[in-house]
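Breakdown of the fold
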Amino acid sequence: MNLFSAKTKKRIAVSVSAALMSTLVAACGQSANNPPAGKSDVPAAAQVANYEGADREQKLVEAAKKEGSITLYTSIAGKDTEKLVEAFEKKYGIKVNVWRAGTDKVLQRIVSETKGGKFEYDVVHISAPEMEALHREKLLQEVKSPYLKDLIPEAIPNHKEWTATLLSVFVQAYNTNKVKKEELPKTYQDLLDPKWKGRLGIEQEDVDYFAEIVKAMGEEQGLKLWKDLVTANGISVRKGHSLLNNMVVSGEVPLGLTVYNYMPEQAKQKGAPVDWFVIEPAIARANGVGVSKQAPHPNAAVLFYDFMINDAQNLLVELNYVPTSKKAQSPMKDMKLKLVDPALILDENDKWTKLFDEIIVKQASKK
């Protein structure tokens, strides 16, 4: 029996090599819905996560302290993970064991462990499409947290088995020595102006951004605009958001179309000749948190889940992330945001990757 649905294979195939994918999927006989012999058919995580009594927090804290620790799998930047973990440990005195890697590698590890009947992680925090893949494979536990009501509606999928904690917002960054503020484009159509010829850049894997912008415009009109833009003015394609941001800072790329909001802001605060703005709607990628259905430390896991959507929200703002809690002071509070649909990335990845490559990446390489 295969662990993966056909749709999930599409997404994971983007993240891991074909050879490794074959190794993980072949002869996979153990799913999360069928735990190894000797384990309860009703995992403790479900019992803990579903409790909504008035003494919920007290019970969680007391039981979590007895468990003593949790294991977190995450893709958040190391320096930021350290601060989040430090804050949690200081508040509760519960040790957090962290395994950190890129989103694709975290997904790969969970898949590999599940295949082998191992359930070592308690909590996972990675990007939304990979969280959605874990949901589809029934590896995550819904948590009935009282703090969900404080989040923006878009942060909570209908199935509620993971929750968005932070947003990485695509903004347009520009070199203030190369571009005057008064000449900044207000719409994507403004980018067709000849003055932008040879001055634009984009990250080479921002397929989800491309797809959401095209869909917002209407597919036919949106695809035509990008084709016309590349033909008329060209777009420099760079691999990595940090690299693109650095190219804007240096002036090699006067205007970067897809830079994460915190990157130019951090550089600006250090005195670099860079600033940013948004052509609305601002497209945002979400990272989410979820509790394993087979969490070895279910009380501590649920407590950490609560922490990430409550206490940690203001800390995330300090770290230059965009929070999902309405109580936190978001730097994007006055902007119209459109969250990338993780289901779109899972189900239509091949289509949008092909279009992005044909219209932007391949055409850029010809110039």
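It is worth spelling out the overall build of the chain at this point. On a plain count of helices and strands, the chain comes out with 14 helices and 12 strands. A buried classification covers 55% of the 367 residues belonging to the chain. With an accessible surface of roughly 16200 Å², the chain has 49% of that area assigned to carbon and sulfur atoms.

The next subject is the layout of surface pockets. Of the voids in this model, the largest pocket is the one considered here, and its volume is about 1400 Å³. Lining the largest pocket are 45 residues; nearest its centre among them are Thr 103, Glu 205, His 241, Tyr 260 and Arg 285. The greatest single-element share of the lining of the largest pocket, amounting to 6 residues, is contributed by helix 14 (residues 342-366). Volume-wise, the second largest pocket comes out at about 260 Å³. Together, 16 residues line the second largest pocket, and Glu 154, Pro 157, Trp 162, Asp 341 and Pro 342 are the ones closest to its centre. For the lining of the second largest pocket, the elements supplying multiple residues, two or more each, are helix 7 (128-136), strand 12 (337-339) and helix 14. Classifying every residue of the lining of the second largest pocket by side-chain character gives 10 nonpolar, 2 polar and 4 charged.

Another aspect to go through is the environment of Trp 226. The residue Trp 226 is located in helix 9 (residues 219-233) in this model. The spatial distance from the C-alpha of Trp 226 to the C-alpha of Ile 360 is 7.7 Å, given a sequence separation of 134 residues. Apart from the residues lying within four places of it in its own chain, the contact partners of Trp 226 are Tyr 188, Ile 202, Tyr 209, Phe 210, Ile 213, Val 214, Ile 235, Leu 257, Ile 359 and Ile 360.

Below, the discussion takes up helix 4 (residues 56-67). For helix 4, which comprises 12 residues, the first-to-last C-alpha distance of 16 Å matches the rise-based estimate of 16 Å (1.5 Å per residue) to within 8%. Every buried residue of helix 4 is listed here: Arg 56, Leu 60, Val 61 and Ala 64. Burial along helix 4 is one-sided: seen end-on, the buried residues are contained in an arc of 120°. Of the exposed residues in helix 4, the ones pointing more than 90 degrees away from its buried face are Gln 58 and Lys 66. On its buried face, helix 4 is in contact with helix 3 (44-49), helix 5 (78-92) and helix 12 (298-309). Directly beyond the C-terminal end of helix 4, a positive phi value near 85° is found at Gly 68.

To continue, consider the pairing of strand 10 (residues 282-292). When you tally the buried positions in strand 10, you get 10 out of 11 residues, the bulk of the element. Where strand 3 (residues 123-127) lies against strand 10, 5 bridges are found, and the strand directions are antiparallel. Bridge assignment links Val 124 to a residue of strand 10, and that residue is Gly 290. Summarising the sheet, strand 4 (residues 140-141) and strand 10 pair through 2 bridges and their orientation is antiparallel. Counterpart to Gln 141 in the pairing with strand 10 is Val 291. Of the strand pairs in this sheet, strand 10 and strand 12 are connected by 3 bridges, and their pairing is parallel. If you follow Ala 282 over to strand 12, its bridge partner there is Leu 337.

Membership of the largest hydrophobic core comes to 113 residues, with the highest contact counts inside it found for Val 124, Phe 210 and Trp 226. Here the element with the most residues in this core is helix 12; it accounts for 9 residues. Among residues more than four places away in sequence, those in contact with Val 124 are Tyr 73, Val 106, Ile 110, Met 131, Leu 134, Leu 140, Gly 288, Val 289 and Gly 290.

What follows concerns empty space enclosed by the protein. A complete count under the given rule lists 4 cavities of 30 Å³ or more for this structure. Each pocket or cavity is described by its volume, and for the largest cavity that value is around 50 Å³. Taken together, Leu 72, Thr 74, Ile 76, Thr 81, Leu 84, His 125, Phe 304 and Met 308 form the lining of the largest cavity. Those elements that place two or more of their residues in the lining of the largest cavity are strand 1 (69-74), helix 5 and helix 12. Here the lining of the largest cavity is built from residues that sort into 5 nonpolar, 3 polar and no charged.

Cut-offs and rules
- Residues numbered from 1 in each chain as written.
- Predicted model: local features only at pLDDT ≥ 70, side-chain atom pairs only at ≥ 80, totals over all residues.
- Heavy atoms only, no water.
- Helix = DSSP H or I, 4+ residues; strand = E, 2+ residues; numbered from the N terminus.
- Buried < 20%, exposed > 50% of the residue type's maximum accessible area, 1.4 Å probe, protein only.
- Areas by Shrake-Rupley, 256 points an atom, 1.4 Å probe, with all protein chains shown as cover.
- 1 Å grid on protein atoms, 1.4 Å probe; cavity = no way out; pocket = protein on both sides within 12 Å on 5 of 7 lines; lining within 4 Å.
- Points joined across faces, edges and corners; volume = space filled by probe spheres on them.
- Nonpolar A, V, L, I, M, F, W, Y, C, P; charged D, E, K, R; others polar.
- Contact = heavy atoms within 4.5 Å.
- Expected span 1.5 Å × (residues − 1).
- Arc of directions from axis to C-beta.
- Pairing = 2+ DSSP bridges.
- Core = buried A, V, L, I, M, F, W, Y, C linked by side-chain atoms within 4.5 Å.

Honestly, that's just the spatial picture; any functional story needs more than this.
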